[in-house]
Amino acid sequence: VAGGEESDVPALPASPDVAHTPSSPSSPEPRDHQDEEDQYEEDYEDPIILVPASPRSRDQIESILGLDETARGASKRTDPIADAILKDLKNIYGSSIKPLESTYKYQDISNRQISDAEIFSPSMVLMLGPYSTGKSTFINYLMGLEYTRRALRTGASPSHGVFRIIQYGSEDQELDGTRLSADWRYQFLQKFGQNFIDQLRGNALDVPLLKKVTFVEAPGILEMRRAGERLYPFNDVLQWFIDRADLVLVMFDYTKLDAGYELEAVLDQLKGREAQVRILLNKADQIPPEELIKVQGSLFWNLSPLLGISAPPIVYAGSFTSRPYRSNSPAQLFMAQEAALLHDIAKAINARVDNRVAIARRHAVRVRNHAQMVDSYLTTYNKNKGFLTSKHKLAEDIVENPHSYNIYEGVSLLSNVSRYDLPDPEIYRDFFRVHNLYDFPTLKGSCSYLHGCPIDKIENAISTELPELLSRYRRLLTKAAVSNNLPQTDIHGVRTGVPPPPHHSKSL
Ligand SMILES: Nc1nc2c(ncn2[C@@H]2O[C@H](COP(=O)(O)OP(=O)(O)O)[C@@H](O)[C@H]2O)c(=O)[nH]1
Ligand SMILES: [Mg+2]
């Protein structure tokens with residue numbers, strides 16, 4: 001913990017013996033409150049690191065996340081399989097999805113795209129939640145960097161809208177947005193504008209865990225609102241990261257339980273991805289054990305309006321730092337929940353290929369839906385041709401009043417779909433302002449003798465090619481495991497034989 005940053009945590013519990021290690025002979029001088037952010041930055045130059053006398057053991061992290069030698073040897077043998085499958089995925093995209101995408105100009109209606117970044121990037125865990133709930137602390141804890149000068153900054157100050165990418169680098173380095181957005185993985189982010197690039201930061205760190213997974217820490221939504229104005233399209237940026245995340249951890253603590261709005265907005269953007277979301281109730285060590293149930297209950301209360309429309313998220317309570325638990329904390333419970341969380345992270349990391357295939361499949365479904373949308377506008381156009389003199393006028397009338405032509409009939413009945421996935425008449429209005437409706441071919445009209453029908457190809461990718469790619473991947477993994485005498489793994493590449501701890505999760 002860097003000096004003077006403890007302010008958010010009310011009365012640190014009977015402080016577990018702390019060794020006070022001044023980092024330099026002169027401790028930082030107190031400053032006026034002229035500019036809090038500056039003060040924070042400057043103080044950091046000369047931090048005082050308070051190290052707990054007996055931090056909790058990291059053994060659980062090392063073994064579950066597979067940071068030991070055997071695990072690393074095993075992944076050396078399975079990585080080439082993953083690479084080969086991902087190359088095949090790229091080919092399927094090119095031959096079966098891309099043609100329909102180009103014909104109906106999907107790029108002009110959506111931020112979503114499939115490129116090398118979506119296919120080949122390393123695993124990503126996205127951390128969401130209000131500021132000061134312990135996101136950076138948790139990442140430091142996993143990396144084993146707590147109480148070191150290499151640690152990410154932690155403290156009570158809001159990040160003012162900063163998205164931070166924590167990734168592997170052969171030497172430790174701070175990265176700015178310009179540098180990051182030149183990277184093939186993040187090039188697309190330039191589209192969100194310079195205001196966003198200015199709020200994009202990164203840390204390259206030479207840490208074993210980061211060879212397996214990249215972390216992204218997002219700013220809280222309320223934090224953005226407090227900043228007064230939206231400087232960049234926050235939800236679109238957030239969605240970009242959500243779409244690519246192998247796991248999304250939404251962190252709360254007992255002081256932020258009123259953040260219902262935040263949770264609601266986030267859960268809306270996460271619809272359809274519940275299986276890849278975990279909600280963490282952090283700083284549970286600060287809650288008297290007898291209150292813990294009550295606090296979890298109130299988190300449940302905040303979630304309840306959102307339930308019933310989708311699968312309930314899994315919630316873990318604990319204290320996700322190496323700081324020792326208070327003596328009266330339910331340590332067993334916290335440890336078990338943390339182990340379950342670590343298993344989920346390990347699974348997410350190992351499910352990278354599965355998730356990339358799933359991303360491509362979701363993309364294919366959206367492209368197909370878009371093509372069908374354009375086709376239904378076109379069919380309507382063709383049906384009504386002749387009643388009005390000008391084809392331009394007719395197209396315009398349909399585009400302006402799609403409801404009177406029943407184009408969106410049924411769409412509003414779709415439930416359990418994020419509003420980010422629903423076709424929106426407004427968006428189609430803009431789309432058809434740029435592209436003449438009648439310049440598109442119908443789905444039937446886009447078939448050719450030589451290449452067949454793009455719509456059939458995409459349907460085939462969705463229902464056959466992509467699922468088969470996954471089965472092949474699993475077969476190859478099993479074969480490699482057998483022939484190399486590797487520990488047997490389940491479909492997520494998680495070692496079997498050692499039963500995972502019971503999920504003490506509260507299934508809401
Ligand atoms: N008591 C307690 N404090 C924590 C815990 N996790 C984080 N903190 C403290 O909460 C403050 C904010 O943490 P930080 O990681 O910067 O939060 P972020 O803004 O979500 O990244 C810091 O002072 C941390 O030391 C925890 O499990 N228990
Ligand atoms: Mg932080």
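Residues numbered from 1 in each chain as written. Chains lettered and ligands numbered in written order. Predicted model: local features only at pLDDT ≥ 70, side-chain atom pairs only at ≥ 80, totals over all residues. Heavy atoms only, no water.

K.L.:
Before we move on, could you go through the coordination of the magnesium ion (ligand 2) and cite the residues and values that matter?
P.N.:
Distances from the magnesium ion (ligand 2) to its protein donors, S136 (OG) and E217 (OE), fall at 2.0 to 2.1 Å. Placement of the pair is S136 in helix α5 (residues 135–143) and E217 in strand β7 (residues 213–217), with a sequence separation of 81 residues. Accessibility assignment for this pair places S136 and E217 in one class, buried. (Donors = N, O, S within 2.8 Å, 3.2 Å for Na, K, Ca; no water. Helix = DSSP H or I, 4+ residues; strand = E, 2+ residues; numbered from the N terminus. Buried < 20%, exposed > 50% of the residue type's maximum accessible area, 1.4 Å probe, protein only.)

K.L.:
How would you explain α5 if you had to name every residue and give the values?
P.N.:
What sets the pattern is the α-helix's 3.6 residues per turn: residues three or four places apart point alike. With eight of nine residues buried, α5 is to be regarded as a mostly interior element. Listed as buried for α5 are K135, S136, F138, I139, N140, Y141, L142 and M143. Downstream of α5 by a residue or two, G144 has a phi angle that is positive, lying close to 75°.

K.L.:
Describe the nonpolar core, with residues and values.
P.N.:
Here is a general trend for soluble globular proteins: nonpolar side chains tend to be buried in one another's company. Of all hydrophobic cores here, the largest spans 50 residues; its most connected members are L89, L100, V374, Y377, Y428 and F432. Within the residue set of this core, elements represented by two or more residues are α3 (69–103), α13 (352–384), α14 (391–400), α15 (425–434) and α16 (454–483). Among residues more than four places away in sequence, those in contact with Y428 are I109, H370, M373, V374, Y377, V399, Y408 and P423. (Core = buried A, V, L, I, M, F, W, Y, C linked by side-chain atoms within 4.5 Å. Contact = heavy atoms within 4.5 Å.)

K.L.:
Provide a residue-level description of the state of the cysteines, including the pertinent values.
P.N.:
Disulfide: a covalent bond formed between the sulfur atoms of two cysteine residues. In total, this model carries one disulfide according to the counting rule given. Covalent S-S linkage joins C447 and C453, the inter-sulfur distance amounting to 2.0 Å. On the sign convention where negative is left-handed, the bridge of C447 and C453, at about 110° about the S-S bond, is right-handed. Given a relative accessible area of 28%, C447 falls into the partly exposed group. (Disulfide = S-S within 2.5 Å.)

K.L.:
Can you tell me about the pattern of salt bridges, naming the residues and giving the values?
P.N.:
Side-chain pairs of opposite charge can arise whenever the charged atoms involved come near each other. Following the criterion strictly, the structure yields 18 salt bridges and no others. Of the charged contacts, one joins D172 and R150 as a salt bridge, the two residues approaching to 2.5 Å between their closest N and O atoms. Taken as a pair, D172 in the loop between β4 (163–168) and β5 (173–176) and R150 in the loop between α5 and β4 lie far apart in primary sequence, 22 residues in all. Under the relative-accessibility criterion, R150 is labelled partly exposed at 35%. (Salt bridge = Lys/Arg side-chain N within 4 Å of Asp/Glu carboxyl O.)

K.L.:
Break down the pairing of β4 for me, citing the residues and quoting the values.
P.N.:
In this sheet, strand β6 (residues 200–205) lies alongside β4 in parallel orientation, the contact comprising six bridges. In the strand pairing of β6, I165 is matched with G202. Both β4 and β7 contribute to a ladder of three bridges, which runs antiparallel. From the neighbouring strand, R164 faces β7, where its bridge partner is E217. (Pairing = 2+ DSSP bridges.)

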